[in-house]
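Coordinate inspection notes
So you can see what is in the structure, the chains are spelled out below.
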Amino acid sequence: MKQAGIEIEKITVRYGNSVPVRALSLDVKPGEFVSLLGPSGCGKTTTLRSIAGFSDIAEGDIRIGGVSVRDVPANKRNIGMVYQDYALFPHMSVEKNIGFGLRMRNVSADEIRQRAFAAAEQLRLSGFLDRYPQQLSGGQQQRVALARALVVRPDVLLLDEPMAALDKQLRSDMQFELKDLQKSVGITTVFVTHDQEEALSLSDRIAVMHDGKILQIDKPDTLYQFPATRFVAEFVGTANLFKAKVSNVGGKSRIELDGLNVSIQLDRELKAGEVEVMLRPEQIEFGNEASVSLPVRVQSTVFVGVATRYQVTTASRQVVRVDVSGVQSVRPATGEQATISWRLSDMRIYRDGRLEP
Amino acid sequence: MKAGAARDPLTIAATAIAFVTLFAATFPLFVTTITAFNATNETVFPPNGWSLRWFWNIVAQPELVEAAAFSLVLAVISSAISISLGVVSAVALTRKKFPGRDLIDAFLMSPLLVPQVILGLSFLVFFVRIGSKQPFLNLLLLHVVLTFPYALRVIRSSLIRMNPKLEEAAVGLGASSLKSFFLVTFPQMRPSLFVAIFFCFVVSFDNFTASAFLTVSGATLPVQIYFNIESSLDPTISAISALLIVSSAFFVIVADRVVGVEKIV
Ligand SMILES: Nc1ncnc2c1ncn2[C@@H]1O[C@H](COP(=O)(O)OP(=O)(O)O)[C@@H](O)[C@H]1O
Ligand SMILES: [Mg+2]
């Protein structure tokens, strides 16, 4: 399959007074799987629809395979799209649904049949070609939608929250299947979701969106470990945030956590002032082995299989979440006093909501 | 329904009301149908003996046959026009955005609210004023105005219920907007078109009040029936009514088989 990259250059979309997409730029490399992740209403769908040609861009440009599509109407863009509700044609059989795009491209009836069969085979739909969409399960409908989008050999594949309607077990199966399919076909893919776990598990890179803009685009592990802003830290994974103050004495920086008698000597120099310290729940442990420690009281525990999730409160009554995985042995009970600690290198420091380098 | 549910007082009351209403609505139709089989020339119930003579007598009264044919042609043509206009307007009103859309929407539905007497009278005044000598065209225009809101309402609601993403999906797969309409939108409108045809036909074929104002010669069937009972009260009228009742029932049953009666109402 030929692979086309997508270059989005400072696009703005306006609907009357609302501006759902603001000077947004995004490069998707050929064959790459990029997720647009963000809360509901942040402009993910609008961005996807402007790639597909359904939302007019007021400013900026979009290039697919190096060619500007600004003036190319939606039906000439050669894009495969999968909707949250799949948007299958209810009056057409599965075979007719899958073949629709080829029919629009004036492919011969024989070839449509062959290619629809092949696509159905690839997506394990061979036994269902004569059925109608209403007669299929959610997972099968989704595979029909995928087959219908891919059979035309589009330049790019766009998916708008395709898993949202599936139950949890099926969703995780379909995630693996989608990822395999995408890699084997090698198609450039933009995937919209508000589910951070889904984005983390599927994507080559994730673009976190907020208010019509991309806040950060990175590989899933980088995004998780080095969130560029406080918003990203809180939206992707769980974030424990402590208000704190930086002071400089003799060329060395110290951080004092507000309301707690904790002073942390840093190994680098920071500007003095108010900051926030962020830690992931699994980076905090019970005991005082790690470099920073403070006393807490255990408020509640929840066992979630891979870990035990603790809520503990500090002396300043702030709630802190701590995840203890199977291998760690210190497990205080609810109501007990305990000490939590973490390593200096796991701390992320935010000033005015932005990560300190 | 659960066994216990049938005994709750609300269900019993609702069922009773439904039966009484059904009886009150159908009893006169039943009586009319039976009187058509009278052996004598009096329209009485129960009949004084049985015969089919009044059904044959319909054919012997050319003005009734002509009026029936006239009404049929009028209903078919006015329904066809209303439904074509209804499809175009419903698509525009539900799929396009333009200034004043809601106002136009309300305006197009409004003939349903205008009393028939006023509608008939204003058409009469209008045609007299422009000096129209075309009774059929006058009635046709009136019937288009009468039936169009029904066509629009039925077709419009089917378009509102339809998922607009389907049309977008078709365009995304390479369809022009015309192809998307004919291959995706139109096939899903089909049940609503049957319903619209049914409504328009019945509204046109049955209309008396407004049509009476425009009837000079060449009356519609309801108007002709009215003229006839003014002069004679023999059971011929019952016979033609019986035919109308039976054919209406037949249409309702066919429509139910094709689209399901719950979609009609
Ligand atoms: N066709 C439209 N007309 C007016 N406003 C719209 C339209 N589509 C989207 N919006 C607005 O744009 C914003 C972003 O919407 P959307 O892109 O659907 O967000 P997301 O997919 O991230 O939930 C929302 O506030 C929404 O109300
Ligand atoms: Mg959305």
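To start, this report covers the structure provided alongside it. (Residues numbered from 1 in each chain as written. Chains lettered and ligands numbered in written order. Predicted model: local features only at pLDDT ≥ 70, side-chain atom pairs only at ≥ 80, totals over all residues. Heavy atoms only, no water.)

All right, on to the packing of aromatic side chains then. Per the counting criterion, the structure on display carries 20 aromatic pairs over all chains. Each ring, one from A:Phe286 and one from A:Tyr310, has its centre 4.8 Å from the other, and the planes form 70°; the classification is edge-to-face. Linking A:Phe286 in strand E15 (residues 285–286) with A:Tyr310 in strand E17 (residues 307–314), this pair joins segments that are 24 residues apart in sequence. A residue is classified by how much of its surface remains accessible, and A:Phe286, at 4% relative accessible area, is buried. By relative accessible area, A:Tyr310 is classed as buried at 3%. Taken together, the ring pairs connect B:Phe201, B:Phe205, B:Phe250 and B:Phe251 into an aromatic cluster. A:Arg148 extends its terminal NZ or CZ atom over the ring of A:Phe89, reaching a point 4.7 Å from the ring centre. The ring of A:Tyr224 is capped by A:Arg280, whose NZ or CZ atom sits 4.2 Å from the centre of that ring. (Phe/Tyr/Trp six-rings, centres within 6.5 Å; stacked < 30°, edge-to-face > 60°. Helix = DSSP H or I, 4+ residues; strand = E, 2+ residues; numbered from the N terminus. Buried < 20%, exposed > 50% of the residue type's maximum accessible area, 1.4 Å probe, protein only. Lys NZ or Arg CZ within 6 Å of the ring centre and 35° of its normal.)

A word on the site of ligand 1. Residues and elements named next belong to chain A. The environment of ligand 1 is formed by Tyr-15, Pro-20, Pro-39, Ser-40, Gly-41, Cys-42, Gly-43, Lys-44, Thr-45 and Thr-46. One of the backbone N or O atoms of Gly-41 is found 2.6 Å from an oxygen atom in ligand 1. Contacts to ligand 1 include Cys-42, whose backbone N or O atom sits 3.2 Å from an oxygen atom. Expressed as a share of its isolated accessible area of 560 Å², the protein-covered part of ligand 1 is 58%. Here the shell around ligand 1 takes 3 residues from helix H1 (residues 44–52), the largest share from any one element. For the shell around ligand 1, the per-class residue count stands at 4 nonpolar, 5 polar and 1 charged. (Near = heavy atom within 4 Å. Polar contact = N/O pair within 3.5 Å; in protein donor to acceptor, adjacent residues only side chain to side chain. Areas by Shrake-Rupley, 256 points an atom, 1.4 Å probe, with all protein chains shown as cover. Nonpolar A, V, L, I, M, F, W, Y, C, P; charged D, E, K, R; others polar.)

On the side of chain A, 20 residues touch chain B, which itself brings 17 residues to the contact. Each partner contributes to the roughly 1700 Å² buried at the junction of chain B and chain A, and carbon and sulfur atoms together form 64% of this total. When the buried surface of chain B facing chain A is broken down by residue, B:Glu168, B:Leu173 and B:Leu183 rank first, second and third, together holding 38% of it. Applying the counting rule to chain B against chain A returns 1 salt bridge. The salt bridge partner of B:Glu168 is A:Arg49, with a shortest N-O separation of 2.4 Å. Applying the counting criterion to the chain B and chain A interface returns 6 residue pairs in polar contact (both at pLDDT 80 or more). (Contact = heavy atoms within 4.5 Å. Buried area = accessible area lost by both parts, 1.4 Å probe. Salt bridge = Lys/Arg side-chain N within 4 Å of Asp/Glu carboxyl O.)

On to the sheet that holds strand E18 (residues 319–325) of chain A. Residue and element names in this part refer to chain A. Reading across from one edge, E15-E19-E16-E17-E18 is the order of the 5 strands in this open sheet, with antiparallel pairing throughout. Pairing within the sheet leaves two strands with one partner each, and these edge strands are E15 and E18. Here 6 bridges tie strand E16 (residues 292–303) to strand E19 (residues 337–342), and the two strands are oriented antiparallel to one another. Counterpart to Leu-294 in the pairing with E19 is Ile-340. (Pairing = 2+ DSSP bridges.)

Before going further, it helps to spend a moment on the environment of A:Pro154. Structurally, the position occupied by A:Pro154 is in the loop between helix H4 (138–150) and strand E7 (156–160). The spatial distance from the C-alpha of A:Pro154 to the C-alpha of A:Asn248 is 57 Å, given a sequence separation of 94 residues.

Bringing the nonpolar core into the picture now. All names here are of chain A. Counting residues in hydrophobic clusters, the biggest one holds 42 residues, and the most contacted among them are Phe-89, Phe-100 and Leu-158. Apart from the residues within four sequence positions on either side, Leu-158 is in contact with Leu-48, Ile-51, Ala-52, Ile-79, Gly-80, Met-81, Val-82 and Val-190. Counting 36 residues, the second-largest nonpolar core is a separate cluster that includes Tyr-86, Val-107, Ala-149 and Ile-187. (Core = buried A, V, L, I, M, F, W, Y, C linked by side-chain atoms within 4.5 Å.)

A word on a nonpolar patch on the surface. A contiguous nonpolar patch, built from B:Leu72, B:Val73, B:Val76, B:Ile77, B:Ile81 and B:Leu85 and spanning about 450 Å² of accessible area, is present on the exposed surface. Residue classification places B:Ile81 among the partly exposed positions, given a relative accessible area of 33%. (Patch = residues over 30% accessible without salt bridge, like charges linked within 9 Å, V, L, I, M, F, W, Y side chains within 5 Å.)

Turning our eyes to something else, we now look at unusual backbone geometry. Glycine aside, negative phi is the norm for most residues, and most peptide bonds take the trans geometry. Note that the residue after B:Phe45, namely B:Pro46, is joined by a cis bond; omega there is -5°. Here the phi dihedral of A:Asn78 falls at roughly 55°; this positive angle occurs in a residue that is not glycine. Position of A:Asn78 relative to the elements: it lies in the loop between strand E5 (67–68) and strand E6 (79–82). Note on A:Asn78: relative accessible area 16%, which makes it buried. With phi around 55°, A:Arg124 is a residue other than glycine that occupies positive phi space.

All we've got here are geometric facts, nothing functional implied.
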